[in-house]
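# Topology and contacts: notes
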Number of protein chains: 2
Amino acid sequence: MSLVETDDVDGGESLSLHQRILSDIREKILSGAWAPGHRIPFEHELTAQYNCSRMTVNKALSQLAKAGLIERRRRSGSFVRQPQSQAAVLELHDIRIEVEALGLPYRYERLERIKRRSSADDRARLGLAAPGPVLALEGLHFAGERPFALEQRLINLSAVAEANEEEFLEIAPGPWLIGRVPWSEAEHRIRAMAADENIADALDIEASAPCLVVERRTWSAERPVTHVRFIYPAESHTLVARFTPSQG
Amino acid sequence: MSLVETDDVDGGESLSLHQRILSDIREKILSGAWAPGHRIPFEHELTAQYNCSRMTVNKALSQLAKAGLIERRRRSGSFVRQPQSQAAVLELHDIRIEVEALGLPYRYERLERIKRRSSADDRARLGLAAPGPVLALEGLHFAGERPFALEQRLINLSAVAEANEEEFLEIAPGPWLIGRVPWSEAEHRIRAMAADENIADALDIEASAPCLVVERRTWSAERPVTHVRFIYPAESHTLVARFTPSQG
DNA sequence: ATAGCGATTATGTATATACATATTGAAACG
DNA sequence: CGTTTCAATATGTATATACATAATCGCTAT
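Here is a short report on the structure shown in this document. (Residues numbered from 1 in each chain as written. Chains lettered and ligands numbered in written order. Predicted model: local features only at pLDDT ≥ 70, side-chain atom pairs only at ≥ 80, totals over all residues. Heavy atoms only, no water.)

### Some details on the pairing of strand 8 (residues 185-194) of chain B
In this structure, strand 11 (residues 239-243) of chain A lies alongside strand 8 of chain B, joined through five bridges in antiparallel fashion. Looking across to strand 8 of chain B, one finds that Leu 239 of chain A is bridged to Ile 190 of chain B. Looking at chain direction, strand 8 of chain B and strand 9 (residues 210-220) of chain B are connected through ten bridges and run antiparallel. When the bridges of strand 9 of chain B are listed, Glu 187 of chain B appears paired with Arg 217 of chain B. (Pairing = 2+ DSSP bridges. Helix = DSSP H or I, 4+ residues; strand = E, 2+ residues; numbered from the N terminus.)

### Quick word on the relation of the copies chain A and chain B
For these two chains of identical sequence, chain A goes onto chain B by a turn of 180 degrees and a shift of 0.0 Å along the axis, with RMSD 0.1 Å. The transformation relating the two chain copies, once decomposed into turn and shift, fits a two-fold axis. Interface residue correspondence from chain A to chain B reaches 100%, placing this contact among same-surface, isologous pairings. (Least-squares fit on C-alpha atoms with pLDDT ≥ 70 in both. Contact = heavy atoms within 4.5 Å.)

### Considerations on the protein's contact with DNA strand D
By nearness alone, 23 residues border DNA strand D, and Leu 17, His 18, Ser 53 and Thr 56 of chain A together with Arg 72 of chain B come closest of all. In DNA strand D, atoms within 4 Å of the protein come 68% from sugar and phosphate. In this structure, a phosphate oxygen belonging to DNA strand D sits 2.7 Å away from a side-chain N or O atom of Ser 53 of chain A. A distance of 2.9 Å is found between a base nitrogen of DNA strand D and a side-chain nitrogen or oxygen belonging to Arg 75 of chain B. Elements with a contribution of two residues or more to the surface near DNA strand D: helix 1 (17-30) and helix 3 (54-66) of chain A together with helix 2 (43-50), helix 3 (54-67), strand 2 (70-73) and strand 3 (77-80) of chain B. (Near = heavy atom within 4 Å. Polar contact = N/O pair within 3.5 Å; in protein donor to acceptor, adjacent residues only side chain to side chain.)

By themselves, these observations are geometric and do not establish any function.
Encoded structure:
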């Protein structure tokens, strides 16, 4: 059995050799030809089949292992892993981008700005241990004349002191923070919720109408930076997440 | 300027050299010390600083490039990339797992099973061009005595003929399909929705109560396999997505 | 039988080397 | 002055080699 005809005329694509090896094997796995648990040919066998050095084969297999498609065991060989937990990639764009993608004019409007010493609730939202100053912001993102999303944000002023100098009247805190604060970690929670009186009022929808809520907590170098809650009327927003098997 | 004291006593962790180079540089980027646009030392400079071969440095930089943290340009060098589009990883577990994680007994119950020639709506859901046989399933996932999620599923029988032999009375189609059909691509849509009469009835909630809807379309080798819609009462489910800068 | 030990084997990491390729900057030329 | 050409340079890929490390097989001694 041979993986490829190594004497083949080039099929047209110009992949490097280790990339071709990688995608050949990935194809075998994703197509089901090599079921989970199947032992992949040893490096020295692939070396012979592709007529290349072990380093080249190793590069391909190492990448497959890092991508989680295979598992490598010393002395035993490499094996196709059990179907991985389905992990999809969720792209979270700036709201301005989302709105402009709809061909509508975008506008941000501040509703509220309060500086205060963190309440217990604030600390819970931010994941803060000790009390300290925070900035609580509320604002509306518009798509044309219609409210598109309500934003409720907390900024940890101990981590981002400059935020205190900013009014955030017409520029949204999100874009402001990006670039100013390098963030190293983020956690998102997505759920559905009925609009309460205040939310319905701000978004100009009926009370108890369904909303999509996206909350994000952000850390920079282990320190909580911000917690934000985006509330979308159900009609106005759908999140899209894709799974594509790792390209190595 | 030196990145590390190469004569340092080992800090305790046993990283390989290229991994240490990688994480040193990643740290510089994530901490903000090297801002977007900053030119990373050339390979030959790092080679000198770490007293290692170019291949070792190259391995680290290549991985950073693949992870999207840096951009490499021939003849010019490697540069820190502009803050990437925020991409979070959404783990989508089997519902049984979700329920059992809550410490509740899990049960699946079929509500409906219809084999039919695909309607226009079916084809739209599956992304099918031509008509053909499909299996429409509806079922309930229970956590203890309470309905946890309603599942509405379409299976493309042209792609998964064996599904026609299965009744799906007590085993959910999700786990059944996994392992039987290798899937190569999936797309998820997440939104909020008000429960209509039928949904409210099935889930034992009030009509027009908010629900979280997760839809998934799955392909195997370019062919549509299944479309599924999970409908969760707002209280019962929160999706969690994490961003952690690629570990290379 | 079985516990321990050493040889074997596959992967993991690193080196020195070589040549390909894209891009830039400067020299040569019209 | 603008354009072409060419050499320099940094990255991209691949090789042959070497030794480290972990796991397994089979032999030996108890």
